[in-house]
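As a plain string of letters, each chain reads:
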Amino acid sequence: MPGFSLTLGFSLTYLSLLVLIPLAGLLLRSAGLGLTGFWHVLSAPRVLAALRLSFGGALAAAAINAVFGSLVAWSFVRYRFPGKQLLQAMVDLPFALPTAVAGIALTAIYAPNGWLGAPLAKLGIQLAYHPAGVVLAMTFIGLPFVVRTLEPVLEEAEKQLEEAAATLGATRWRTVTRIILPAILPALLTGVALAFARGVGEYGSVIFIAGNIPNVSEIAPLLIMIRLEEFDYAGATAVASAMLIISFTLLLAINLLQAWRRRRGT
Amino acid sequence: MQITIRGVTKQFGNFAALRGIDLNIASGELLALLGPSGSGKTTLLRAIAGLEPIDGGSIRFGDTDATRLSVQERRVGFVFQHYALFRHMTVLDNISFGLRMRPRAQRPAAAEIRRRSLELLNLVQLNGLEGRYPNQLSGGQRQRVALARALAIEPRVLLLDEPFGALDAKVRKDLRRWLRQLHRDTGYTTVFVTHDQEEALELADRIVVMNRGSIEQVGSTDQVYDAPRSPFVFDFLGSPNVLPGEVRDDGVYLLGAAAPFEAPNGLAPGPVDVYARPSDFRVVEDDPAAIAGRVLEAQRTGTLVRLTVLLAANGQSVEIEIPHPDPEMRVWLPSDRIRLRPAHFSLYRESRPAPARIVEDRSAAHSAPGSRVRGQ
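Let us look at the structure shown here. Within each chain, residue numbers correspond to sequence positions counted from 1 in written order. Lettering for chains starts from A, numbering for ligands starts from 1, and both go in the order in which the items are written. Predicted model: local features are reported for residues with pLDDT of at least 70 only, side-chain atom pairs are reported and counted for 80 or more only, and whole-chain, interface and lining totals are derived from all residues. Excluded from the side-chain calculations are hydrogens and water; all other atoms, namely the structure's heavy atoms, are used.

## A word on the overall build of chain A
Reasoning step 1: Here a strand is any run of E in DSSP of at least two residues, a helix any run of H or I of at least four, and the numbering for each starts at the N terminus. What chain A contains, in helices and strands, is 12 helices and 0 strands.
Reasoning step 2: For chain A, the sequential pattern of α-helices and β-strands runs α-α-α-α-α-α-α-α-α-α-α-α.
Reasoning step 3: In terms of overall dimensions, chain A has C-alpha extents of about 65 × 65 × 30 Å along its principal axes.
Reasoning step 4: Three labels apply to residues, based on accessible area from a 1.4 Å probe with only protein chains included: buried if under 20% of the type maximum, exposed if over 50%, partly exposed otherwise in between. Residues classed as buried in chain A amount to 40% of the 266 residues present.
Reasoning step 5: At a minimum sequence separation of 6, the contacts of chain A that also span at least 24 residues come to 75%.
Reasoning step 6: Residue-level accessible areas treat just the shown protein chains as cover; the underlying method is Shrake-Rupley with a 1.4 Å probe. On chain A, roughly 14,300 Å² of surface is accessible, and the fraction owed to carbon and sulfur atoms is 74%. In what follows, a contact means two residues having at least one pair of non-hydrogen atoms within 4.5 Å.

Right, here's the structure in full:
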């Protein structure tokens, strides 16, 4: 293949400079702790709680986005309605908005004395300063990833496939589950993976609404910041390395799943 | 299954896609819906399937009012131009889809579904390909899978929307012949949409010619080809030459001819459009009803010679096609003088807004041999 070595060489150099070398440095730094020291840092209840919240919250947010992001993408692609362009632009806002701004806005609205927070509080539902608030913020910033990856695929999904299924006797529900969903699943997985990754790494929008109560609503990235401020560099890099390894494993698994699906036709 | 269509109308915004369609489709027949794009043929097909809700009229399948049935309940086999195969399913899963979607009570056992699907695979001559995915098949193979999938539900009627439109010429020809055979073997009532007159003539028992949401003519392929009821039908089923003519008391005169052809009864005197296909013309030596011209271009293609002839009377050019079976035969060359006479033609009155025509050259009338005249 002409150009293979050139493009591959460039890609590898580029990735090394941007991703590989900084991350390798991170791993090296935490390696200074030794395996026992590393384990000691991670097994601390506060660290475990933070990691659980970051990954659990991001997973929950990604799952919520998988469902509702699909609905949003579907309505954008399939229907025409007044104000559609406006809504389209709004979906992209979480991309563009400084995350701190998003965090402050969410907090203002969902805090116990906020617009939505106050009536919710009366119902006994607390969002701000609670793990639920973390999931809320992560859902907010993850939405465009699902919507934007799904839209082109839905656009492309032929209406005729649905019509064919209908003439063959498939009910609407079975058409969705047997025809539409399998067709968009790869894109949906990609979108969910991106939303998840963004949720795990999210910092700015989460810390305002989370309240950052140790062991309850403190996310791992914040814990890293705290360790850094305490000049505990080894501790910070240990948590960071753990995040790195878990994220990488999950993303690799999703990518492998995609490749496996692609090999089976579609 | 006999299909009765009465007064079916369909409107897309301001556009009338169907303007009161009446049509009977006999059980077991192979019917073509022929027309240009926008003529409503596909809309009519989709209306029969229930994919397009109709605004008025009724569609009956035998004694059942199909308009009250959903798409799922109508049990029609629909084949799409671009196959619409389920890409994430194997060929076998595609074919068995309809059976697997049946309500549990009517669903055959899994082994039976497999057996029947393999049987259909055999019918469409794709044995051994059951494990393939659609993207591993050629266009012709995909369309045959689509057909097998449609047949699996034992449809009341088989509907095909430009089924060969996306295929290349060679495959199209093979598939046509094969579909004709399949129809003979299975006997399903079949309706297909096409804009290709050759396909309609070759494949169908009967042809429905549509134009602007209405039916122009329904008839056997012979009827439609030999006796087109309107200039539109004539135009669509071939590339006609339109010659100016005039009906007088003693017959119809072509522009510049000295003698008339026999005119059909009941045609009032006055100007008339004479429609004749390129193959309808004969070159004659001395025939007072013939028209004179000069050869502009001559090209032999195999056993045919195509001539472009400039008519002396009005400077109109006429395309004709004459058989050339014999290498010894005389070859026409540009600027040769030639006399033509249409052996078959159709007469239409005011078929279109008359383009500026040269005033007729009136020469003395002679008696002329009668010609077969069709329609009016």
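## With respect to the side chain of E151 of chain A
Reasoning step 1: Mapped onto the fold, E151 of chain A is located in helix α7 (residues 131-156).
Reasoning step 2: Contact partners of E151 of chain A, with chain neighbours within four places excluded, come to A73, F76, V77 and Q88 of chain A.

## What to know about the nonpolar core
Reasoning step 1: Nine residue types can take part in a nonpolar core, namely buried Ala, Val, Leu, Ile, Met, Phe, Trp, Tyr and Cys, and a core is a set of them joined through side-chain atoms within 4.5 Å. Among the nonpolar cores identified, the biggest contains 54 residues, and L51, V134, L150, V206, I219, V239 and M243 of chain A are the most heavily contacted of them.
Reasoning step 2: Ignoring anything within four residues of it in the chain, the contact list for V134 of chain A reads L53, V206, I209, A210, S217 and I219 of chain A.
Reasoning step 3: By size, the runner-up hydrophobic cluster in this structure holds 42 residues, among which are A166 of chain A together with L18, V71 and A84 of chain B.

## Some remarks on helix α8 (residues 159-167) of chain A
Reasoning step 1: Of all 9 residues in α8 of chain A, 7 are buried, a share of seventy percent or more.
Reasoning step 2: Listing the buried residues of α8 of chain A in full gives L161, E162, E163, A164, A165, A166 and T167 of chain A.

## Side note on the sheet that holds strand β18 (residues 337-342) of chain B
Residues and elements named next belong to chain B.
Reasoning step 1: Pairing between strands is defined by DSSP: at least two bridges between the two strands are required. Read across the open sheet, the 5 strands follow the order β14-β18-β15-β16-β17; overall the sheet is antiparallel. The open sheet has two edge strands with one neighbour each: β14 (281-283) and β17 (317-323). Each strand of the sheet is rotated relative to its neighbour by a mean of 45°, with strand direction disregarded. Lines fitted to the C-alpha atoms define the axes, with helices restricted to the stretch that makes contact. Angles between their N-to-C directions range from 0 to 180 degrees.

## Describing the packing of aromatic side chains
Residue and element names in this part refer to chain B.
Reasoning step 1: In this analysis, rings of Phe, Tyr and Trp, with Trp reduced to its six-membered ring, are considered paired at centre separations within 6.5 Å, and the interplanar angle assigns stacked below 30 degrees, edge-to-face beyond 60, and tilted for intermediate values. Enumeration according to the criterion identifies 12 aromatic pairs over all chains in this entry.
Reasoning step 2: Aromatic pair F78 and F80: ring centres 4.7 Å apart, planes at 45°, arrangement tilted.
Reasoning step 3: A relative accessible area of 4% places F78 in the buried class.
Reasoning step 4: Overall, F80 belongs to the buried group, its relative accessible area being 1%.
Reasoning step 5: Through pairs of rings, three or more aromatic residues link up here, namely F234, Y275 and Y348.
Reasoning step 6: Only when the NZ atom of a Lys or the CZ atom of an Arg is both within 6 Å of the ring centre and within 35 degrees of the ring normal do we say a charge sits over the ring. Here R149 stacks its cationic end above the ring of F86, 4.6 Å away from the centre of that ring.
Reasoning step 7: Lying over the aromatic face of F234, R277 brings its terminal NZ or CZ to 4.5 Å of the ring centre.

## Details of the pattern of salt bridges
All names here are of chain B.
Reasoning step 1: Each reported salt bridge corresponds to a side-chain nitrogen of Lys or Arg within 4 Å of a carboxyl oxygen of Asp or Glu. Overall, the coordinates contain 27 salt bridges over all chains when judged by the stated rule.
Reasoning step 2: As a salt-bridge pair, E29 and R206 come within 2.8 Å of each other at their nearest N and O atoms. Residue E29 is found in the loop between β2 (15-25) and β3 (30-34), and its partner R206 is found in strand β9 (residues 206-211); the two are separated by 177 residues along the sequence.
Reasoning step 3: For R206, a relative accessible area of 24% gives the class partly exposed.
Reasoning step 4: In this structure, R180 engages D205 in a salt bridge whose closest nitrogen and oxygen atoms are separated by 3.2 Å. A residue pair is termed long-range when its members are at least 10 positions apart, and R180 in helix α6 (residues 169-186) and D205 in the loop between α7 (197-203) and β9 qualify at 25 residues.
Reasoning step 5: With relative accessibility at 25%, the residue R180 sits in the partly exposed group.
Reasoning step 6: On the accessibility criterion, D205 (29% relative accessible area) is partly exposed.
Reasoning step 7: What emerges from the salt-bridge pattern is a single network uniting R102, E112, R115, R116, E119 and E154.

## Re helix α4 (residues 84-96) of chain A
Residue and element names in this part refer to chain A.
Reasoning step 1: Here α4 spans 19 Å end to end across 13 residues, near enough to the 18 Å set by a 1.5 Å rise per residue.
Reasoning step 2: Turning to α4, its buried residues number three or more, namely K84, Q88, V91 and P94.
Reasoning step 3: For α4, the elements touching its buried residues are α3 (45-78), α7 and α9 (172-201). An expected span of 1.5 Å times one less than the residue number is assigned to each helix.

## Description of unusual backbone geometry
Residue and element names in this part refer to chain B.
Reasoning step 1: Phi angles above zero are rare outside glycine, and E154 is one such case at about 50°.
Reasoning step 2: Counting through the fold element by element, E154 comes out in the loop between α5 (139-151) and β7 (157-161).
Reasoning step 3: Residues other than glycine seldom take positive phi values, yet R212 does so here, at roughly 50°.
Reasoning step 4: In this structure, R212 sits in the loop between β9 and β10 (214-220).
Reasoning step 5: What makes R212 exposed here is its relative accessible area of 61%.

## Describing the sheet that holds strand β8 (residues 190-194) of chain B
Residues and elements named next belong to chain B.
Reasoning step 1: Here 6 strands make up an open sheet; going across it, the order is β6-β7-β8-β3-β9-β10 and the pairing mixed. Across the chains shown, the open sheet's two edge strands, defined by having one partner strand only, are β6 (76-79) and β10. Each neighbouring strand pair of the sheet contributes to a mean axis angle of 15°, computed without reference to strand direction.
Reasoning step 2: In this sheet, β10 lies alongside β9 in antiparallel orientation, the contact comprising 6 bridges. In the sheet register, M210 faces β10, and the bridge partner there is I215.
Reasoning step 3: Against the sheet, α5 makes contact with β6 and β7, and its axis sits at roughly 170° relative to β6, the strand it touches most.

Read these as geometric descriptors, not functional statements.
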